[in-house]
Amino acid sequence: AQSVTQLDSQVPVFEEAPVELRCNYSSSVSVYLFWYVQYPNQGLQLLLKYLSGSTLVKGINGFEAEFNKSQTSFHLRKPSVHISDTAEYFCAVSVVGTGNQFYFGTGTSLTVIP
Amino acid sequence: DVKVTQSSRYLVKRTGEKVFLECVQDMDHENMFWYRQDPGLGLRLIYFSYDVKMKEKGDIPEGYSVSREKKERFSLILESASTNQTSMYLCASSWQGSYEQYFGPGTRLTVT
């Protein structure tokens, strides 16, 4: 089974500051990578995904992530956060060719401070 | 827009009761999934289904069963609810061959 590590369980950041949420995974085989966001009392919404091609992927709400195969990482970044970005963020991995089964990290709670 | 709905947002049940959580999707997705979400543990897969009447165990199937009689509906069943099944339950669906899962709003189940 895959292992997905989100090292930071909580990240406080001031409004308009940049933020990076870290994600590392265990697989040495080909994977698909995802970031989901969960706003309070809601389900998960896809922020962005990496399937193939350019290692820098852009998502919704100004977020982007970079796939680094050698470091098995997929860190999420935003250059300037807003209050509305306060939410829980989940990194997920799916191994290529194994169907649609996802492995999720434990989540990072981002709090944007006014 | 894809819509995944779950029958209840909040549910309170007593220990030993049989509990049904329903999930319906309106986009003709082949794949459907049930997860539970607990603080510090993220999302863990309970069961999933690739087709009608088909089911596969996920990482934590003990104490749960599922039913998929129609393509759009995937039910999670707690045969005899226990307090350690108090959790947030999330349903998701996706097209076959697509790697994007669409999530419902979740059901917060409390077992007392």
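As a reminder, the structure under discussion sits directly above these lines.
Residues numbered from 1 in each chain as written. Chains lettered and ligands numbered in written order. Predicted model: local features only at pLDDT ≥ 70, side-chain atom pairs only at ≥ 80, totals over all residues. Heavy atoms only, no water.

### Quick word on the packing of aromatic side chains
And then number 1: This structure, assessed with the given rule, holds 15 aromatic pairs over all chains.
And then number 2: Geometrically, the ring pair formed by B:Phe33 and B:Tyr35 is stacked, given 6.3 Å between the ring centres and 25° between the ring planes. Both residues of the pair, B:Phe33 and B:Tyr35, count as buried.
And then number 3: Each member of the aromatic cluster is reached from another via a ring pair, and the members are A:Phe34, A:Tyr36, A:Phe102, A:Phe104, B:Phe33, B:Tyr35, B:Phe48, B:Tyr50 and B:Phe103. (Phe/Tyr/Trp six-rings, centres within 6.5 Å; stacked < 30°, edge-to-face > 60°. Buried < 20%, exposed > 50% of the residue type's maximum accessible area, 1.4 Å probe, protein only.)

### Observations regarding the nonpolar core
In a soluble, globular protein the nonpolar side chains are often hidden away together inside.
Residue and element names in this part refer to chain A.
And then number 1: Core analysis: the largest hydrophobic core is formed by 31 residues, its most contacted members being Leu 33, Trp 35, Leu 47, Leu 48, Phe 74, Leu 76 and Tyr 89.
And then number 2: At the level of elements, strand S2 (10–14), strand S3 (19–21), strand S5 (31–38), strand S6 (44–50), strand S8 (64–68), strand S9 (73–78), strand S10 (87–95) and strand S12 (108–113) are the ones that each hand at least two residues to this core.
And then number 3: With 5 residues, the single largest contributor to this core is S10.
And then number 4: In this structure, Leu 76 is in contact with Val 19, Glu 20, Leu 21, Trp 35, Leu 47, Leu 48, Phe 63, Glu 64, Ala 65 and Tyr 89, ignoring residues within four places of it in sequence. (Core = buried A, V, L, I, M, F, W, Y, C linked by side-chain atoms within 4.5 Å. Helix = DSSP H or I, 4+ residues; strand = E, 2+ residues; numbered from the N terminus. Contact = heavy atoms within 4.5 Å.)

### As for the interface of chain B and chain A
And then number 1: Each side of the interface is counted separately: chain B has 26 residues, and chain A has 23 residues.
And then number 2: Taken over both partners, the interface formed by chain B and chain A buries close to 1800 Å², and the fraction arising from carbon and sulfur atoms is 51%.
And then number 3: Among the residues chain B hides against chain A, the three largest losses belong to B:Leu43, B:Tyr99 and B:Phe103. Together they make up 35% of the total.
And then number 4: Taken together, the links from chain B to chain A amount to 1 salt bridge.
And then number 5: Two residues, A:Lys49 and B:Glu100, come together in a salt bridge whose shortest N-O distance is 3.4 Å.
And then number 6: Where chain B touches chain A, the interface holds 4 residue pairs in polar contact (both at pLDDT 80 or more).
And then number 7: Elements with a contribution of two residues or more to the side of chain B that touches chain A: strand S4 (31–38), strand S5 (42–49) and strand S9 (87–94) of chain B.
And then number 8: The class makeup of the residues in the side of chain B that touches chain A is 13 nonpolar, 10 polar and 3 charged. (Buried area = accessible area lost by both parts, 1.4 Å probe. Salt bridge = Lys/Arg side-chain N within 4 Å of Asp/Glu carboxyl O. Polar contact = N/O pair within 3.5 Å; in protein donor to acceptor, adjacent residues only side chain to side chain. Nonpolar A, V, L, I, M, F, W, Y, C, P; charged D, E, K, R; others polar.)

By themselves these figures say nothing about function.
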